[in-house]
Amino acid sequence: MACINERFQIQSDTRPTFDDVTDRALEILKKSGVKNGIMLVYSQHTTCSVLIQEQSDDVNYYGTQLILQDMVNGLEKIFPTCNTEGQYLHPGPLHIEIAKRERGEEAWWSLNTDAHLRSVMLGRSVTVPIIDGEAQLGEFGRIYFADFDQTRARTRNVLVNIMGE
């Protein structure tokens, strides 16, 4: 059985962002030569998710597909965007102190509790069956990397793991 691991990077913004990573993942699958197995697309970042959704042909003024913006709007009702300290229990003063001391972070970078909660709710990976060399995404399925952190733009890593024969 083969096990292939590849990473690539994407750049987020200071608002929820969605990158369609389908073509990159499928290119890795093609290079792998795996005909039957599974493909895992994963985010190691705790404010990000990986999801499968239909491609929406319409976009808003920021270029976000409308179906993905609809999802953000729904999540906003469950986990409102963190605008100030004390809105959520996290981050507490100890977290802020350690983040500054050990990682050189600004205190306001930790005002992303909503992003952590959204990521947990949606999950940080998707697993797609591979049958006869084809990823089983369905007719309209696309793989999106979502970054819900609105405090700062960052470079993010996407891991694609393919296992099979």
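The structure reproduced in this document is the subject of the present report. (Residues numbered from 1 in each chain as written. Predicted model: local features only at pLDDT ≥ 70, side-chain atom pairs only at ≥ 80, totals over all residues. Heavy atoms only, no water.)

Once that is clear, we can look at the packing of aromatic side chains. Two measures describe an aromatic ring pair: the distance that separates the ring centres and the angle between the ring planes. Tallied over the entire structure, the rule returns two aromatic pairs. Centroid distance tryptophan 108 to tryptophan 109: 6.1 Å. Interplanar angle 80 degrees. Geometry classified as edge-to-face. Positioned over the ring face of tryptophan 109 is arginine 152, at 3.8 Å from the centre of the ring. (Phe/Tyr/Trp six-rings, centres within 6.5 Å; stacked < 30°, edge-to-face > 60°. Lys NZ or Arg CZ within 6 Å of the ring centre and 35° of its normal.)

Time to look at the environment of isoleucine 162. Tracing the chain through its elements places isoleucine 162 in strand S8 (residues 155-164). What makes isoleucine 162 buried here is its relative accessible area of 0%. Placed 21 residues apart in sequence, isoleucine 162 and glycine 141 show a C-alpha to C-alpha distance of 18 Å. Setting aside its immediate chain neighbours within four residues, isoleucine 162 contacts Ala2, Cys3, Ile4, Ile28, Leu29, Ser32, Val34, Ile38, Met39 and Ile130. (Helix = DSSP H or I, 4+ residues; strand = E, 2+ residues; numbered from the N terminus. Buried < 20%, exposed > 50% of the residue type's maximum accessible area, 1.4 Å probe, protein only. Contact = heavy atoms within 4.5 Å.)

Our next topic: the pairing of strand S5 (residues 125-131). Where burial is concerned, the two faces of S5 differ: the one with Val126, Val128 and Ile130 is buried and the one with Ser125, Thr127, Pro129 and Ile131 is not. For strand S3 (residues 37-43) and S5, the ladder comprises six bridges, and the chain directions are antiparallel. Paired with isoleucine 38 across the strands is proline 129, a residue of S5. Pairing of S5 with strand S6 (residues 134-135), which is carried by two bridges, proceeds in the antiparallel orientation. What sits directly across from isoleucine 130, in S6, is alanine 135. As consecutive antiparallel partners, S5 and S6 are separated by two residues, and within that stretch aspartate 132 has a phi angle of approximately 50 degrees, a positive value. (Pairing = 2+ DSSP bridges.)

Our next topic: the sheet that holds strand S2 (residues 17-20). One open sheet holds the three strands; their spatial order is S2-S7-S4, and the pairing between them is antiparallel. The open sheet terminates on both sides in strands that have one partner only, identified here as S2 and strand S4 (48-54). Within the sheet, the average angular offset between the axes of one strand and its neighbour, ignoring direction, is 30 degrees. With seven bridges connecting them, S4 and strand S7 (residues 141-147) associate as antiparallel partners. For valine 50, the partnering residue across the bridge sits in S7 and is phenylalanine 145. The strands that helix H2 (residues 66-78) touches are S2, S4 and S7; relative to S4, the one it contacts most, it runs at about 130 degrees. (Axes fitted to C-alpha atoms, helices over the stretch in contact; angles between N-to-C directions.)

Just geometry here; none of it tells us what the structure is for.
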